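# Per-entry structural report
One letter stands for each residue in the lines below.
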Amino acid sequence: MTILITGANRGIGKGLADGWRQAGADVIATARSEPGMESLDVAEPDSILALGKRLDGRPVSTLVCNAGILLDRHEQLDNGYPAELWEKHFQVNVTGVFLTVQALLPNLRLALANGNAPKIAIISSKLGSQASASGGRYIYRASKAAALNLGRNLAMDLREHGIAVGIYHPGWVATDMGGSQAEVSVAQSVDGLRRQIDDLTLAETGCFKAWNGEDLPF
Ligand SMILES: NC(=O)c1ccc[n+]([C@@H]2O[C@H](COP(=O)([O-])OP(=O)(O)OC[C@H]3O[C@@H](n4cnc5c(N)ncnc54)[C@H](OP(=O)(O)O)[C@@H]3O)[C@@H](O)[C@H]2O)c1
């Protein structure tokens, strides 16, 4: 069983990589630029293609699209949220997810051929749910809503290929992104997320769940 995680040099991604390694899994931890880690910048299509080439012929049973950014915390509705910020978020949080999935489809199919049920976990956010539209953070919310939508549609298309897709909210987690006031520790979040992802099967493909197993509204 080989698990590939994007953005695994810090925060939730690092926690997931450490946890799965301790549990005995073969982990491919990727990062933009970190010695000893597989190089992947999800905002750079060439970087994604290069990763796909380096991993040619290697089965990947679980792909975790975790890398993400949140840069619009302090933007003002009247004159903030510039176009460049939209572009930046969508490159990482949406296009980056899609192109990574696309590049690694051959590796997921190889896992299936080797008898390992392949799966894709997309780390979105509750803030991307239409049901928790409490205003603000327009760009981040829209990008996470798009990531959720991507996951739902990938689930439809990949079901017949035997690849399950789950979309997850990690909780409000104490990372650089979540800040020190967050409600959930990295250890709690990654323990829960790993359980949800390990248990994901085709029977619940397209699910949107929180780290603690709670089903979330789309
Ligand atoms: N923390 C929360 O409360 C919370 C809540 C809901 C959802 N989430 C989601 O959970 C995921 C992980 O968040 P986190 O809290 O662990 O955030 P974090 O501590 O800020 O870590 C973000 C990770 O994403 C990587 N990343 C950013 N841009 C990248 C790019 N272009 N290519 C590759 N990697 C890139 C970062 O790498 P660098 O070190 O190179 O920047 C870092 O490893 C994100 O998708 C986030 O939206 C978090």
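In this report, we go over the structure that sits alongside the text. All values derive from a computational prediction rather than experimental measurement.

About the cut-offs
Residues numbered from 1 in each chain as written. Predicted model: local features only at pLDDT ≥ 70, side-chain atom pairs only at ≥ 80, totals over all residues. Heavy atoms only, no water. Phe/Tyr/Trp six-rings, centres within 6.5 Å; stacked < 30°, edge-to-face > 60°. Lys NZ or Arg CZ within 6 Å of the ring centre and 35° of its normal. Buried < 20%, exposed > 50% of the residue type's maximum accessible area, 1.4 Å probe, protein only. Helix = DSSP H or I, 4+ residues; strand = E, 2+ residues; numbered from the N terminus. Pairing = 2+ DSSP bridges. Salt bridge = Lys/Arg side-chain N within 4 Å of Asp/Glu carboxyl O. Near = heavy atom within 4 Å. Polar contact = N/O pair within 3.5 Å; in protein donor to acceptor, adjacent residues only side chain to side chain. Contact = heavy atoms within 4.5 Å. Core = buried A, V, L, I, M, F, W, Y, C linked by side-chain atoms within 4.5 Å.

### Comments concerning the packing of aromatic side chains
- Applying the stated criterion across every chain yields a total of three aromatic pairs.
- Here the basic side chain of Arg152 rests over the ring of Phe218, its NZ or CZ set 3.8 Å away from the ring centre.

### A few points about the pairing of strand S7 (residues 207-210)
- Burial along S7 is two-sided: the residues Cys207 and Lys209 and Phe208 and Ala210 are all buried.
- Relative to S7, strand S6 (residues 164-169) is paired through four bridges, and the arrangement is parallel. Across the sheet, His169 pairs through a bridge with Ala210, a residue of S7.

### Some remarks on the sheet that holds strand S5 (residues 119-123)
- The seven strands are arranged S3-S2-S1-S4-S5-S6-S7 in an open sheet whose pairing can be described as parallel. Edge strands, defined here as strands with exactly one partner in the open sheet, are strand S3 (38-39) and S7.

### Points about the pattern of salt bridges
- Summed over the entire model, instances satisfying the criterion amount to six salt bridges.
- For the salt bridge of Asp18 with Lys14, the shortest nitrogen-to-oxygen distance reads 2.8 Å. Linking Asp18 with Lys14, this pair stays in helix H1 (residues 11-22), spanning four residues, or about one helical turn.
- With a shortest N-O distance of 3.8 Å, Glu204 and Lys209 are connected by a salt bridge.
- Exposure remark for Lys209: the relative accessible area of 11% places this residue in the buried category.
- Linked through salt bridges whose partners overlap, the residues forming this network are Glu204, Lys209 and Asp215.

### Remarks on the site of the ligand
- Residues in contact with the ligand amount to 29 residues; listed here are only the nearest, Asn9, Arg10, Arg32, Tyr140 and Thr175.
- Within the side chain of Asp41, an N or O atom sits 2.8 Å from a nitrogen atom of the ligand.
- The side chain of Tyr140 places a nitrogen or oxygen atom 2.7 Å from an oxygen atom of the ligand.
- Residue assignment for the shell around the ligand shows that the elements contributing at least two residues are H1 and helix H4 (138-159).

### Side note on the environment of Phe208
- Tracing the chain through its elements places Phe208 in strand S7.
- Sequence spacing of Phe208 and Val27 is 181 residues, and the spatial spacing of their C-alpha atoms is 24 Å.
- The residues touching Phe208, leaving out its near neighbours within four places in the chain, are Ser125, Lys126, Ser129, Leu148, Ile167, Tyr168, His169, Glu214, Asp215, Leu216, Pro217 and Phe218.

### Quick look at the nonpolar core
- Membership of the largest hydrophobic core comes to 31 residues, with the highest contact counts inside it found for Leu4, Leu63 and Ile120.
- Taken together, the elements giving at least two residues each to this core come down to helix H2 (45-54), strand S4 (62-65), helix H3 (83-113), S5 and H4.
- Of all the elements, H3 adds the most residues to this core, at eight residues.
- In this view, Leu63 contacts Leu4, Thr100, Val101, Leu104, Leu108, Lys119, Ile120 and Ala121; residues no more than four positions away in its chain are not counted.
- Judged by nonpolar contacts, the second largest core, of 21 residues, contains Val27, Ala121, Leu193 and Ile197.

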